[in-house]
Amino acid sequence: MPDSQVSSATPLAARIALLPKAELHLHMEGAIAPATVVALAARYGDTATEAEVAARYATRDFSAFIEAYKWVTSYLRAPQDYALVATRMAEQLLAHNVIYAEVTLSAGVMLLRKQDVAANFRAIRDAAAAFQSRGLRLQWIFDAVRQFGQAPAMEVARHAAELRAEGVVAYGMGGDELAVPASQFRAVYQFAAQNGLRRLMHAGEIGGPESVRDAITLLGAERIGHGIAAARDPALMRLLAERSILLEICPTSNLRTGALARQLQIASPTLRDHPLPQLLRAGVPIAISTDDPAMFETDLDREYAALIELGLTAAEIVQVAEASFAAAFLPLADKAALLGKFRERARSLRLL
């Protein structure tokens, strides 16, 4: 739709879809569409249909999601496999007007499978580099798996530090947040900070508010993956607001993994039960993301449409979109340039 045809009467969802966007919480391995899984499986002599892949992806609790994740990543065995996934992921990001993304790579899983992390990463980076000229800037986050323990987590941090000059901007940790106390990873996060890496943590997804607080106070996490448990703790919401610590919230993911049901103690919650509006209106910085978009059958446009369903105003949705750029791990001048591009487009779409 040309901007000349846009007015305040144009449906809000249509205008939001046209905005340039940033995405901060996206796992590349969770962005492997069924057709790509079929192609990867064929490389290794396995037969799968897209319908079979979709059925494996149709999870409704966290343990089933982890099993599906382990299965699909079993077909990532060589650098060329990672390159294929990176290329198709970048195409999808561009299709949804994403101009900047920080993409998480499961370096901890690569190491578990005795793969060459640097070779995989360079294949990913080189495949994605072609999209820079098409308007997509990417940076990378190396992710450790919490339940693997402290020593493997430190190994991921070392690889991230070694590849920092090549585009690895941050160190994060996912997996089962209930498996190992945050205190056991203090040395790992100190190492990451000392080596110039920004720090992230999945917390408050299936764990309670204390998981979020520990990530901040013990590990120095600068952003929190999910963090929806914070809605249960007014003091924690104040802490997040006062320190401007952003929550990377993924509504569809929270439904599909059972995280929302766990936090709310409701057997079958709906999107309208999500605490995102409560968090945002308490002053907590929020960014919207897809997490594992292929596995959860979503994309960034659908996640923004969910904000409308949650009752956010146009101004609040623009606030969330701006926060995704403002919280990016970029130099200030680069953030300002991206925000300027975003605001110019938002004005033309009658959103500012």
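Our structure is the block above this text.
First, a word on what this report is: a plain description of the structure on this page.

Procedures and definitions
Residues numbered from 1 in each chain as written. Predicted model: local features only at pLDDT ≥ 70, side-chain atom pairs only at ≥ 80, totals over all residues. Heavy atoms only, no water. Pairing = 2+ DSSP bridges. Helix = DSSP H or I, 4+ residues; strand = E, 2+ residues; numbered from the N terminus. Axes fitted to C-alpha atoms, helices over the stretch in contact; angles between N-to-C directions. Contact = heavy atoms within 4.5 Å. Parallel < 35°, antiparallel > 145°, perpendicular 65-115°, else oblique. Left-handed = near helix turned anticlockwise from the far one by under 90°. Nonpolar A, V, L, I, M, F, W, Y, C, P; charged D, E, K, R; others polar. Buried < 20%, exposed > 50% of the residue type's maximum accessible area, 1.4 Å probe, protein only. Phe/Tyr/Trp six-rings, centres within 6.5 Å; stacked < 30°, edge-to-face > 60°. Lys NZ or Arg CZ within 6 Å of the ring centre and 35° of its normal. Core = buried A, V, L, I, M, F, W, Y, C linked by side-chain atoms within 4.5 Å. Expected span 1.5 Å × (residues − 1).

### Notes on the sheet that holds strand S3 (residues 137-145)
Within the open sheet, the eight strands sit side by side as S1-S2-S3-S4-S5-S6-S7-S8. Their pairing is parallel. Every interior strand has two partners, whereas the edge strands, strand S1 (21-27) and strand S8 (286-288), have only one. Adjacent strand axes in the sheet meet at a mean angle of 25° when their direction is disregarded. The pairing of strand S4 (residues 168-174) with strand S5 (residues 198-203) spans two bridges and is classified as parallel. When the sheet's bridge partners are listed, Tyr171 is paired in S5 with Arg199. Strands in contact with helix H7 (residues 117-129) are strand S2 (98-105), S3 and S4; relative to S3, the strand with the most contacts, it is inclined by about 155°.

### Description of the environment of Ala123
Tracing the sequence through the fold places Ala123 in helix H7. Look past the residues within four positions of Ala123 in its chain and what remains in contact with it is Pro79 and Ala83.

### Topic: the packing of helix H2 (residues 34-43) against helix H3 (residues 50-57)
At their nearest, the axes of H2 and H3 sit 8 Å apart, and the two run at 115° to each other. Between H2 and H3, the angle is such that the two are roughly perpendicular. For H2 against H3, the interelement crossing comes out right-handed. When H2 is examined against H3, the residues Pro34, Ala35, Val37 and Val38 are found in contact with a partner set consisting of Glu50, Val53 and Tyr57. Looking at the contact of H2 with H3 residue by residue, the class counts come to six nonpolar, no polar and one charged.

### Quick look at the environment of Ala193
Its place among the elements puts Ala193 in helix H9 (residues 186-194). Assessed through its relative accessible area of 35%, Ala193 is described here as partly exposed. When the C-alpha atoms of Ala193 and Ser63 are compared, they prove to be 31 Å apart, with 130 residues separating the residues in sequence.

### Remarks on the packing of aromatic side chains
A full pass over the atoms with the stated rule returns eight aromatic pairs. On the numbers, 6.0 Å between centres and 50° between planes, the contact of Phe62 with Phe65 is tilted. Separated by three residues within a single helix, Phe62 and Phe65 lie in helix H4 (residues 62-73), roughly one turn from each other. Using a relative accessible area of 8% as the deciding quantity, one classes Phe65 as buried. Measuring from ring centre to ring centre gives 5.3 Å for Phe65 and Phe296, while their planes differ by 35°; the resulting arrangement is tilted. A residue pair is termed long-range when its members are at least 10 positions apart, and Phe65 in helix H4 and Phe296 in the loop between S8 and helix H15 (300-309) qualify at 231 residues. Among the aromatic side chains, those forming a connected cluster through ring pairs are Phe62, Phe65, Tyr69 and Phe296. Of note, Lys21 hangs over the ring of Tyr304, and the distance from its end group to the ring centre comes to 5.9 Å. Arg223 extends its terminal NZ or CZ atom over the ring of Phe329, reaching a point 4.1 Å from the ring centre.

### Some thoughts on the nonpolar core
Core analysis: the largest hydrophobic core is formed by 127 residues, its most contacted members being Phe142 and Tyr171. Counting five residues, the second-largest nonpolar core is a separate cluster that includes Ile141, Val169, Ala170 and Phe329.

### Let's talk about H4
For H4, spanning twelve residues, the distance from its first C-alpha to its last is 16 Å, which sits close to the expected 16 Å at 1.5 Å a residue. Where H4 is buried, its residues touch S1, H2, H3 and helix H6 (107-112).

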